[in-house]
Amino acid sequence: MQLSKSSKIQRNSPCPCGSGKKYKKCCFIKDEAAFEQQREVRRKIEHDKEQESDQEEKTKKVIDDSIEESSEASGVSGESAEG
C-alpha cells in the first residue's frame, strides 16, 4: 500500500509508534533502512532479469547461426554432388 503525500509521515511529526518522540529521532532510521533494503532487492531483481534476457538473446543467436550454417553446409554439399 502506498501512502499519499498528505498522509506521508513528516520527519518532525510525532512518531506513529506512540513513543512521544519525533519521527526523525525514533523510527525514521529504521524505516529508511528497510526502504533502502527493499530498493536494493528490486534493483537486483531487475538486474537479474536484464542478464537473463541478454542470455536468451545470445542463445537464440547461437541457435539461429547454427541452423544457418547447417543449411548452408547441406546446400553446398548438395550442389557438389549434382555437378
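Residues numbered from 1 in each chain as written. Predicted model: local features only at pLDDT ≥ 70, side-chain atom pairs only at ≥ 80, totals over all residues. Heavy atoms only, no water.

Enquirer: I would appreciate a short explanation of the overall build of the protein in the present structure.
Expert: The secondary structure content of the protein amounts to one helix and zero strands. Per-residue burial over the protein gives 5% buried out of 83 residues. Of the roughly 7,600 Å² of accessible surface on the protein, a fraction of 52% belongs to carbon and sulfur atoms. (Helix = DSSP H or I, 4+ residues; strand = E, 2+ residues; numbered from the N terminus. Buried < 20%, exposed > 50% of the residue type's maximum accessible area, 1.4 Å probe, protein only. Areas by Shrake-Rupley, 256 points an atom, 1.4 Å probe, with all protein chains shown as cover.)

Enquirer: I keep staring at the packing of aromatic side chains and nothing clicks. Help me out?
Expert: Note on aromatic pairs: each is described by the distance of the centres and the angle between the planes. Scanning the model with the defined rule gives one aromatic pair in all. Aromatic side chains Tyr23 and Phe28 sit 5.7 Å apart centroid to centroid with 80° between the ring planes, which places their arrangement in the edge-to-face category. Each member of the pair Tyr23 and Phe28 is classed as buried. Against the face of Phe28 rests Arg11, its NZ or CZ located 4.8 Å from the ring centre. (Phe/Tyr/Trp six-rings, centres within 6.5 Å; stacked < 30°, edge-to-face > 60°. Lys NZ or Arg CZ within 6 Å of the ring centre and 35° of its normal.)

Enquirer: Would you mind going over a negative patch on the surface with me for this structure?
Expert: Together, Glu46, Glu50, Glu52, Asp54, Glu56 and Glu57 give the surface a local cluster of negative charge. Examined against the element boundaries, Asp54 turns out to sit in helix H1 (residues 28-82). (Patch = residues over 30% accessible without salt bridge, like charges linked within 9 Å, V, L, I, M, F, W, Y side chains within 5 Å. Salt bridge = Lys/Arg side-chain N within 4 Å of Asp/Glu carboxyl O. Lys, Arg positive; Asp, Glu negative; His and termini not counted. Charge placed at Lys NZ, Arg CZ, Asp CG, Glu CD.)

Enquirer: Would you mind going over the confidence of the model for the protein with me for this structure?
Expert: Any segment with low pLDDT has predicted coordinates that should not be analysed in fine detail. Residues of the protein with pLDDT of at least 70 account for 82%, and the chain-wide mean is 83. Counting contacts from residues 1-6, a segment whose pLDDT is below 50, to residues more than four positions away or on other chains yields one contact. The low-confidence segment residues 77-83, where pLDDT is below 50, has zero contacts with residues more than four positions distant or belonging to other chains. (pLDDT = per-residue confidence, 0-100. Contact = heavy atoms within 4.5 Å.)

Enquirer: Is there a simple way to think about the pattern of salt bridges in this case?
Expert: Pairing between side chains of opposite charge can happen when their charged atoms approach one another. In this structure the tally under the stated criterion is five salt bridges. For Arg39, the salt bridge identified is with Glu36, shortest N-O distance 3.5 Å. On the criterion of helical spacing, the pair formed by Arg39 and Glu36 is a turn pair, its members being three residues apart in helix H1. Residue Arg39 is classed as partly exposed on the basis of its relative accessible area, which comes to 28%. Here the salt bridges share partners, and the residues they tie into one network are Glu36, Arg39, Glu40 and Arg43.

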